[in-house]
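# Commentary on secondary and tertiary structure
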Amino acid sequence: MSDPGHTPDTSPAAKSTAATGPGRILLALRSSPLVRSLRKDMVASAAFGVLLLLLVAAAVPDLFAPYQVFDLTQIRLMDAFRPPFWLEGGSIEFPFGTDDQGRDILSAIIYGLRVSVTVGLGGVALAVVIGVTIGLVAGYVGGIVDSILMRIADVQLTFPAILIAVMIDGVSRAILDNAAREDAAVVVLIIAIGLSGWVEYARAVRGATMVERRRDYVASAQLSRVRTSGILFNHILPNVLTAVLVIGTIHLGVAILIEATLSFVGLGIPPTQPSLGTLIRVGNNYILSGEWWIAIMPGLALLVLVLAINLLGDFLRDALNPRLK
Amino acid sequence: MTRRFRTLGRHIRPKRTTSTAVAAVLALGVAGGAASADTLRIAGQGDIGTLDPQAQNSQITISVLSMVYEALVTRNEDLEMVPALALSWEPVDETTWRFELRPDVTFHDGSTFDAEDVRFTIERAQAETSQFANFVGSIASVEVIDDLTVEIETRMIDPLLPDKLGYIMIMDSGWAEANGVTVPQDLGNEENTYAVMNANGTGPYTVAERVPDTRTVLSINPNYWGEMADDIEEVIYLPISSAPTRISSLISGEVDVVIDVPPQDVDRLANTAGITTARSPELRTIFFGFDHASDTLRHGDAGGTNPFQDLRVRQAVDGAIDAETISRVVMRGLSQPTSQLIAPGNFGYEEDADVRADFDVERSRELLAEAGYPDGFSVRMDCPTDTYTNPEQICQAVSAMMSQIGIDIDLNLIPRAQFIPLLWEKDTSFFIIGFNTAYFDAMYVLETLLMTQTGEDGEGIYNYSGYSNPEFDKLVREARVELDRDRREQLMHDAFAIARADVAYAPLHTQTLVYAMREGVEVPVRPDNFVEIRWVTMN
């Protein structure tokens, strides 16, 4: 990986999947020194392990959560406000204690993790699609198209992500009734995060594209009359994806925090299907009265999740940046 | 009249947690009288809905508006009726009351208060868009005898008429005509009128600024006729929906009074230096309502039927609510489980009847099965988040309890501003509501909440559930013209027994009101939850 750019015929793996773009990158990653440097980096490998665990828990919460928190029949108000097991009055039955309704907080966190990660990944995916497309077009076509797209990006940058998310939330409030909005809350948040986060991708991809389009392989593709979309997505895209991967990882942490912030202020996920942010909001009602664990436990989970993502993002940035080698 | 309020008098005096400090401050306030340039900032969870005094009968709205507008009568510290804009009143014959009005009272814009304003306001309160139609429902006509005398003719004997008029806040007829607000705002259809954002009353405060959902700023009326315990120059009402934010604002000194302290924060505030708390049982009952009227469930799925039309289903719901646990866990003991629709302290409350049926999930399941819903059904529950005490937590807890008997609740948590129109349009199948007895007499609940809604005289005006039982209506009609106090009480007890047997509603509990204020501020807690600004002192 001395050159993250165009490496058309150095690896046999790459040769065999020459035309399948992203697949080639994944294979390259596997056989690359990346995994080796991950093993060497204790912090990054710990972060990777923790993140993997959290993602698996989020993917199949039923396997990890002791209780089905959305099954109201399992909730007993009598169990409410139990402290975590290490405090007096707590029991291992509810390791992190229970909330104001008697829900097991550990289970609520695991299910909340799923909502948070879904929104985060969805938002990042949308931002990647928008940002990469705009970046490729702007960087490849150049000229007036580039100017217009980048000015739009500049304007977009002047709005903080939260503001855009609040705006989209407001629009959804105006057009959807309360019940429909609750059902659509996840989608609304994904759109909000996606629309507010694409600029960085667009800029990075545009820069990389402008470099790539002057390379010989692009010229030869142009000469063999490959369609422009083919050149963009099959030839240039694979070579700018490392940048996208690094930005995407950092962005995932940001996206999860935006979701948590919006849910905390009551603009995000409703308490019936709580995300980590919603759980913290509910717990916030009991901070003053001493039942701190209702807010702090989901808060810690959020902290661990975002920290793991950010550490991994830092590692990827360093490992994939040739200038640091 | 006096006797029935005597018991109330005991409740009204707040239990002070740091009584010496408050007493000292109170003494200072009374002795010193004049305070310097000062502002009292009151925080509550929901905003007032309008400035129109006949558009929304909702506690926080009328509580704040009572600082700006006044009625003919008011209440003293023992909750006894005392003169306000009327100096005196007496029955002339069986169906006529004569009111002598207070001379030399002016509205905020300088125009003089007179009998014409009384006639105008009563007729305004009878309009279709008025939410106060019941209070003036018995009135046939209002005759202006002279500038300061009116005679009110009722269609039937109405011994409670002066009590009811305590809720009719008098507007200036000239101002209303000049500004095109001779009928109340139609709140259900979100109508906007001049009176929604502007006010012109006779009360101790004028509206200086109104920013909905943000703040309502009142400034003192220098020409106020009445007596005040203090002369606080500015009163600001601030809606702060988040309870921890509201409490933190008090602790950090951003507000002076919080009028709805959640039970979980009471201990913490009582132990905070510089903060005092005061409490009183509220004359309000919290209960759940069903849609009795629709043939199919409006919001939910029960296979094309409306299960709530079946008595057994209502009994099942009633029996599956564990009020004791809600009181202990959600309310932390600051509530009293009840089976009644009126709270202790009201005339017509029957202590012997106030026994909840056993909490029995098995029995409830059987009842549902007998009614033909062995697998339950699904229904939406509408629940306001910024009124009453901990409604969100209560509704969640009851949703879980309903799931135990197979009723699948789709919980619709909405702000009060969206909730009230749902009730008003009867667009709800299952809801939580709190109701207090406006003039401390059960007749109010019987007439407005439980009688069949006829659209006339305000009968059943707040009967959002569509409950209707002719036998019940007959008893209420009998009771409301009964002059013998004991006989009237018995008739009301009988009527309540019918509604209880029908499970017209599923009662939950009565709440304890808790106010918290910074040291130096003294806001008495009235059991009807009116913030009586004339009694407030501040140092």
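Scoring rules and cut-offs
- Residues numbered from 1 in each chain as written.
- Chains lettered and ligands numbered in written order.
- Predicted model: local features only at pLDDT ≥ 70, side-chain atom pairs only at ≥ 80, totals over all residues.
- Heavy atoms only, no water.
- Contact = heavy atoms within 4.5 Å.
- Buried area = accessible area lost by both parts, 1.4 Å probe.
- Salt bridge = Lys/Arg side-chain N within 4 Å of Asp/Glu carboxyl O.
- Polar contact = N/O pair within 3.5 Å; in protein donor to acceptor, adjacent residues only side chain to side chain.
- Nonpolar A, V, L, I, M, F, W, Y, C, P; charged D, E, K, R; others polar.
- Helix = DSSP H or I, 4+ residues; strand = E, 2+ residues; numbered from the N terminus.
- Expected span 1.5 Å × (residues − 1).
- Buried < 20%, exposed > 50% of the residue type's maximum accessible area, 1.4 Å probe, protein only.
- Arc of directions from axis to C-beta.
- Phe/Tyr/Trp six-rings, centres within 6.5 Å; stacked < 30°, edge-to-face > 60°.
- Pairing = 2+ DSSP bridges.
- Axes fitted to C-alpha atoms, helices over the stretch in contact; angles between N-to-C directions.
- Core = buried A, V, L, I, M, F, W, Y, C linked by side-chain atoms within 4.5 Å.
- Domains from an automatic or database assignment.
- pLDDT = per-residue confidence, 0-100.
- Patch = residues over 30% accessible without salt bridge, like charges linked within 9 Å, V, L, I, M, F, W, Y side chains within 5 Å.
- Areas by Shrake-Rupley, 256 points an atom, 1.4 Å probe, with all protein chains shown as cover.
- Lys, Arg positive; Asp, Glu negative; His and termini not counted.
- Charge placed at Lys NZ, Arg CZ, Asp CG, Glu CD.
- 1 Å grid on protein atoms, 1.4 Å probe; cavity = no way out; pocket = protein on both sides within 12 Å on 5 of 7 lines; lining within 4 Å.
- Points joined across faces, edges and corners; volume = space filled by probe spheres on them.
- Parallel < 35°, antiparallel > 145°, perpendicular 65-115°, else oblique.
- Left-handed = near helix turned anticlockwise from the far one by under 90°.

Another point: the interface of chain A and chain B. Listed as interface residues are 21 residues of chain A and, on the opposing side, 28 residues of chain B. Summing the contributions of chain A and of chain B, the shared interface buries around 2100 Å²; its carbon and sulfur component is 54%. The tally of links between chain A and chain B comes to one salt bridge. A salt bridge links E291(A) to R332(B); the shortest N-O distance between them is 2.9 Å. Put simply, chain A and chain B have eight residue pairs in polar contact (both at pLDDT 80 or more) between them. Here the residues of the side of chain A that touches chain B sort into nine nonpolar, seven polar and five charged.

Residues and elements named next belong to chain A. With 16 residues, helix α7 (residues 143–158) ought to run about 22 Å at 1.5 Å a step, and its terminal C-alpha atoms sit 23 Å apart, in line with that. Taken residue by residue, α7 has D146, L149, M150, A153 and Q156 as its buried positions. Down the axis of α7, the buried side of the element spans an arc of 110°, and every buried residue falls inside it. Structural note: α7 exposes I144 and T158 on the side pointing more than 90 degrees away from its buried face.

For the rest of this paragraph, the subject is the packing of aromatic side chains. Throughout the structure, instances matching the rule amount to 29 aromatic pairs over all chains. Judged by centre distance (5.3 Å) and plane angle (70°), the rings of F70(A) and Y111(A) are edge-to-face. Taken together, the positions of F70(A) in the loop between α5 (61–64) and α6 (105–141) and Y111(A) in helix α6 put the pair 41 residues apart, joining distant regions of the chain. On the basis of relative accessible area, Y111(A) is assigned to the buried category, the value being 3%. Each ring, one from F435(B) and one from Y444(B), has its centre 5.6 Å from the other, and the planes form 15°; the classification is stacked. Each of the two residues, F435(B) as well as Y444(B), counts as buried. Each residue in the set F132(B), F135(B), Y167(B), W424(B), F435(B), Y439(B), Y444(B), Y462(B), Y464(B) and F530(B) is aromatic and connected to the rest through ring pairs, giving one cluster.

Within a sheet, neighbouring strands are paired by backbone hydrogen bonds and run either parallel or antiparallel to one another. All names here are of chain B. Strand order across the open sheet formed by four strands is β4-β5-β7-β6, with antiparallel pairing between neighbours. Each edge of the open sheet carries a strand with a single partner, namely β4 (86–93) and β6 (139–146). Taking the axes of each pair of neighbouring strands and ignoring which way they run, one obtains an average angle of 20° across the sheet. One ladder, built from six bridges, connects β6 with strand β7 (residues 149–154); its direction is antiparallel. For V144, the partnering residue across the bridge sits in β7 and is V150. Lying on the sheet, helix α4 (residues 115–125) is in contact with β5 (96–101), β6 and β7; it crosses β6 at an angle near 170°.

Once that is clear, we can look at the nonpolar core. Counting residues in each nonpolar core, the largest one holds 230 residues, and the members touching the most others are L72(B) and L450(B). Sorting elements by how many residues they give to this core places α6(A) first, with 16 residues. Three or more residues apiece are contributed to this core by two domains, here domain 1 (6–239) and domain 2 (284–511) of chain B. Once residues lying within four places of it in the same chain are set aside, the contact partners of L450(B) are L341(B), V445(B), N463(B), Y467(B), F472(B), D473(B), F496(B), A499(B), A504(B) and Y505(B). Core analysis: the next-biggest nonpolar cluster, separate from the first, contains 17 residues, I236(B), L238(B), V261(B) and V266(B) among them.

With 89% of its residues at a pLDDT of 70 or more, chain A has an overall mean of 86. For residues 1–19 of chain A, every residue scores under 50 in pLDDT, and the model assigns this stretch 20 contacts once sequence neighbours within four places are set aside.

What follows covers a negative patch on the surface. A surface patch of like charges, here negative, comprises D177(A), D183(A), D408(B) and D410(B). Tracing the backbone through its elements, the reader meets D183(A) in helix α9 (residues 178–183).

Next up on the list: the domain arrangement of chain B. Residue and element names in this part refer to chain B. Here chain B is partitioned into domain 1 (6–239) and domain 2 (284–511). Counting residues at the interface gives 31 residues for domain 1, matched by 28 residues for domain 2. Of the roughly 2400 Å² buried between domain 1 and domain 2, counting both surfaces, carbon and sulfur atoms make up 55%. On inspection of domain 1 and its partner domain 2, the count reaches one salt bridge. The partner of K164 in a salt bridge is E447, and the shortest N-O contact between them spans 3.7 Å. Across the domain 1-domain 2 interface, the total number found is seven residue pairs in polar contact (both at pLDDT 80 or more). Mapped by element, the contributors of at least two residues to the side of domain 1 that touches domain 2 are α3 (59–65) and α5 (161–165). By residue class, the composition of the side of domain 1 that touches domain 2 is twelve nonpolar, 14 polar and five charged.

This paragraph deals with the pattern of salt bridges. Should their charged atoms come close, side chains of opposite charge can pair. All names here are of chain B. Taken as a whole and judged by the stated rule, the model has 38 salt bridges over all chains. R480 is the partner of E459 in a salt bridge, and the nearest nitrogen-oxygen pair spans 2.6 Å. Remark: R480 occurs in helix α16 (residues 470–480) and E459 occurs in the loop between α15 (442–450) and α16; sequence separation between them is 21 residues. The pair formed by E459 and R480 is uniform in burial state, with each residue classed as buried. Residues joined by salt bridges that share partners form a network here, namely D158, K164, E447, E459, R477 and R480.

For the rest of this paragraph, the subject is unusual backbone geometry. Trans peptide bonds make up the majority, and among non-glycine residues the majority have a negative phi. Residues and elements named next belong to chain B. A positive phi is found at N390, a non-glycine position, where the angle reads about 50°. Along the chain, N390 falls in the loop between β15 (377–384) and α13 (391–403). Its relative accessible area of 9% is what places N390 among the buried residues. Positive phi, normally seen in glycine, also occurs at F440, with a value near 60°. One can find F440 in the loop between β17 (430–436) and α15. For F440, a relative accessible area of 1% translates into the label buried.

For the coordinates displayed, the defined rule picks out six cavities of 30 Å³ or more. If you add up the space inside the largest cavity, you get close to 350 Å³. Broken down by element, the lining of the largest cavity gets its largest block of residues, three residues, from strand β2 (residues 73–75) of chain B. Here the lining of the largest cavity is built from residues that sort into 13 nonpolar, three polar and seven charged. Here the second largest cavity defines a volume of roughly 90 Å³. Taken together, D99(A), R103(A), I105(A), A108(A), P271(A), P274(A), L279(A), V282(A), I294(A), P298(A) and Q396(B) make up the lining of the second largest cavity.

Our focus in this paragraph is the packing of α16(B) against helix α17 (residues 485–501) of chain B. Each pair of packed helices can be described by the angle between their axes along with the distance between the axes. Residues and elements named next belong to chain B. One way to put it is that α16 packs onto α17 with a least axis distance of 9 Å and a crossing angle of 165°. The angle between the axes of α16 and α17 places the two elements in the roughly antiparallel class. In terms of crossing hand, the pair formed by α16 and α17 is left-handed. Contacts between α16 and α17 involve E471, F472, L475, V476, E478 and A479 from the first element and R487, R488, L491, M492, D494, A495, I498 and A499 from the second. Of the residues in the contact of α16 with α17, the class split is nine nonpolar, no polar and five charged.

Turning our attention to the pairing of strand β1 (residues 39–44) of chain B. Residue and element names in this part refer to chain B. Pairing geometry for β1 and strand β10 (residues 234–239), over six bridges, is parallel. Each residue of the ladder has a partner; that of T39, found in β10, is E234. Both β1 and strand β11 (residues 257–258) contribute to a ladder of two bridges, which runs parallel. Paired with I42 across the two strands is V257, which belongs to β11.

All right, on to the packing of helix α3 (residues 33–40) of chain A against helix α14 (residues 293–320) of chain A then. Residues and elements named next belong to chain A. Running from N to C, α3 and α14 point in directions that differ by 130°, and their axes come no closer than 11 Å. By the angle between their directions, the pair α3 and α14 is classed as oblique. Read as a crossing pair, α3 and α14 show a hand that is right-handed. Where α3 abuts α14, its residues L34, S37 and L38 lie against L312, F315, L316, A319 and L320.

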